[in-house]
Amino acid sequence: MGQIITQVDAFTNTPFAGNPAAVCVLPTPQEDSWMQNVAQEMNLSETAFLVRQDDGFNLRWFTPTVEVPLCGHATLASAHVLWSDGHLSQNEVARFYTKSGVLIAKLQGEWIELDFPVNHSQATVAPRELKAALGVPYKSVFLSSLGYLVELASEDLVRQIQPNFQILKTLPFSEIIVTSLTHPDSEYDFVSRFFAPGLGIDEDPVTGAAHCCLAPFWRDRLHKNELLAYQASSRGGVVKVYYDGGDRVFLSGQAVTVMRGELITA
């Protein structure tokens, strides 16, 4: 029998929405080159690889081109697979050992809560090419370890923006979050989109790691610890955010299995 691989749509309860991730629960560790080849073959924004440890799982994430240090939606998908496929009982906490430290996932009814490190942003001077790359005016620009965080004037601009990815790739940081407040009658507090052509992903449908930056950004402006966010990609996804000003952000989302298959490869 080959290696089982499961495709999960994360940050949604509807198939073919949210952000798809592939999940492999491996019996033994594999070579980096093999994992990168599998991720390239899957051609999703992230493929997650897990290996059981005494009190949790080692977890690594690969885009089609590179390994990344943190990924929210593939962690959500991994936790969903562990509970759905019986690797953990539903009352057990999922503990992941990663390049970003220990991450915890808890099943809370129909939602999965992720305990992630906060990522603060600092105001920065935008490169001249940023405006040309985005094609729309912006209010402010910040910089975090994830890249640029750009505040736009309206939800409509966030939804309508069509960046020039060739110009984005030439910037000092090619990963960009764009965000704004929502319309006054919206059920959501803010919207965002995330572009990462430098990681081989022109647009990521729903990005947990981006919300580690967005949580402190919008908490400071809205003076709320609990926020409901919508990532306005073509697939769309919902993220519940809780941030109380400490060093951890709690992100909650739903997930649904859409495909399960077997890798015929060594």
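What you see is a predicted model; the values in this text were computed from it and never measured.

Definitions and limits used
Residues numbered from 1 in each chain as written. Predicted model: local features only at pLDDT ≥ 70, side-chain atom pairs only at ≥ 80, totals over all residues. Heavy atoms only, no water. Helix = DSSP H or I, 4+ residues; strand = E, 2+ residues; numbered from the N terminus. Rg over C-alpha atoms; globule rule 2.2 N^0.38 Å. Buried < 20%, exposed > 50% of the residue type's maximum accessible area, 1.4 Å probe, protein only. Contact = heavy atoms within 4.5 Å. Areas by Shrake-Rupley, 256 points an atom, 1.4 Å probe, with all protein chains shown as cover. Lys, Arg positive; Asp, Glu negative; His and termini not counted. Charge placed at Lys NZ, Arg CZ, Asp CG, Glu CD. Phe/Tyr/Trp six-rings, centres within 6.5 Å; stacked < 30°, edge-to-face > 60°. Lys NZ or Arg CZ within 6 Å of the ring centre and 35° of its normal. Polar contact = N/O pair within 3.5 Å; in protein donor to acceptor, adjacent residues only side chain to side chain. Expected span 1.5 Å × (residues − 1). Bend = angle between axes of the 7 residues up to and from the residue. Salt bridge = Lys/Arg side-chain N within 4 Å of Asp/Glu carboxyl O. Pairing = 2+ DSSP bridges.

Visitor: It is not clear to me how the overall build of the protein should be interpreted in this structure. Could you clarify?
Guide: Across its full length, the protein carries six helices and 18 strands. Radius of gyration (C-alpha) of the protein: 18 Å, near the 18 Å computed for a compact globule of 266 residues. Principal-axis analysis of the C-alpha atoms gives the protein an extent of 55 × 35 × 30 Å. Within the span of the protein, comprising 266 residues, buried residues form 54% of the whole. Sequence separation of 24 or more characterises 61% of the internal contacts of the protein that already satisfy a separation of 6 or more. Per element, the accessible surface of the protein, about 11800 Å² overall, is 49% carbon and sulfur. For the protein, the distance from the average position of its 18 positive side-chain charges to the average position of its 29 negative side-chain charges is 4 Å.

Visitor: Can you walk me through the packing of aromatic side chains in this structure?
Guide: Any two aromatic rings considered together are summarised by their centre-to-centre distance and by the angle between their planes. One pass over the full model with this rule turns up nine aromatic pairs. In this structure, Arg-221 packs its charged tip against the face of Phe-217, placed 3.6 Å from the ring centre. Sitting over the face of the ring of Trp-111, Lys-240 holds its NZ or CZ atom 3.9 Å from the ring centroid.

Visitor: Would you mind going over the environment of His-73 with me for this structure?
Guide: Along the chain, His-73 turns up in helix H2 (residues 72–84). In the structure, His-73 is positioned 138 residues away from His-211 in sequence and 11 Å away in space, judged by C-alpha atoms. Contact partners of His-73, with chain neighbours within four places excluded, come to Ala-10, Phe-11, Asn-19, Pro-20, Ala-21, Ser-45, Glu-46, Asp-204, Val-206 and Gly-208.

Visitor: I tried to follow the environment of Trp-83 on my own but got confused; where do I start?
Guide: With respect to the helices and strands, the residue Trp-83 is situated in helix H2. Since its relative accessible area comes to 5%, Trp-83 is described here as buried. Remark: the alpha-carbon pair of Trp-83 and Trp-218, spanning 135 residues in sequence, is separated by 32 Å. Polar side-chain contacts of Trp-83 include one of 3.0 Å to the backbone oxygen of Glu-92.

Visitor: I tried to follow helix H6 (residues 208–222) on my own but got confused; where do I start?
Guide: Since one α-helical turn is 3.6 residues long, residues separated by three or four positions face the same way. The end-to-end C-alpha distance of H6, which contains 15 residues, comes to 20 Å, matching closely the 21 Å that a straight helix rising 1.5 Å per residue would cover. Bending of H6 peaks at approximately 35° at the position of Leu-214, with proline Pro-216 no more than four residues after it. Taking burial as the measure, the 15 residues of H6 include 11 buried ones, the bulk of the element. Residues of H6 that are buried include every one of Gly-208, Ala-209, Ala-210, His-211, Cys-212, Cys-213, Leu-214, Ala-215, Pro-216, Phe-217 and Trp-218, and no others. Once H6 ends, the next one or two residues include His-223, with phi positive near 55°.

Visitor: Explain the environment of Trp-61 to me, please; I cannot follow it from the model alone.
Guide: Following the sequence through the fold, Trp-61 ends up in strand S4 (residues 56–62). A polar atom in the side chain of Trp-61 sits 3.2 Å from the side chain of Thr-75.

Visitor: Got a minute to help me understand the pattern of salt bridges in this structure?
Guide: Under the defined criterion, the tally for this structure stands at 10 salt bridges. The salt bridge involving Arg-60 is made with Glu-67; its shortest N-O contact spans 2.8 Å. Of the residues examined, Arg-60 reaches a relative accessible area of 18% and is grouped as buried. Through salt bridges with shared partners, a single ionic network connects Asp-32, Arg-60, Glu-67 and Lys-99.

Visitor: What's the story with the pairing of strand S10 (residues 140–144) in this structure? I'm lost.
Guide: A regular strand places its side chains so that they alternate between the two faces of the sheet. In terms of residue burial, S10 counts as a mostly covered element, since four of its five residues are buried. Relative to S10, strand S9 (residues 122–123) runs antiparallel, the two being bridged by two bridges. Note on S10: the bridge partner recorded for Gln-122 is Leu-143. For S10 and strand S11 (residues 147–151), the ladder comprises five bridges, and the chain directions are antiparallel. Within S11, the position partnered with Val-141 by the bridge is Val-150. The hairpin formed by S10 and S11 contains two residues between the paired strands.

Visitor: What am I meant to see in unusual backbone geometry here?
Guide: Working note: non-glycine residues mostly have negative phi, and peptide bonds are mostly trans. Here the phi dihedral of Phe-11 falls at roughly 65°; this positive angle occurs in a residue that is not glycine. With respect to the secondary-structure elements, Phe-11 resides in the loop between strand S1 (3–10) and strand S2 (19–26). Phe-11 gets classed as buried once you look at its relative accessible area, which sits at 1%. The phi dihedral of Phe-16 is positive, around 70°, even though this residue is not glycine. Locating Phe-16 in the fold gives a position in the loop between S1 and S2. Take Phe-16: its relative accessible area is 67%, and that puts it in the exposed class.

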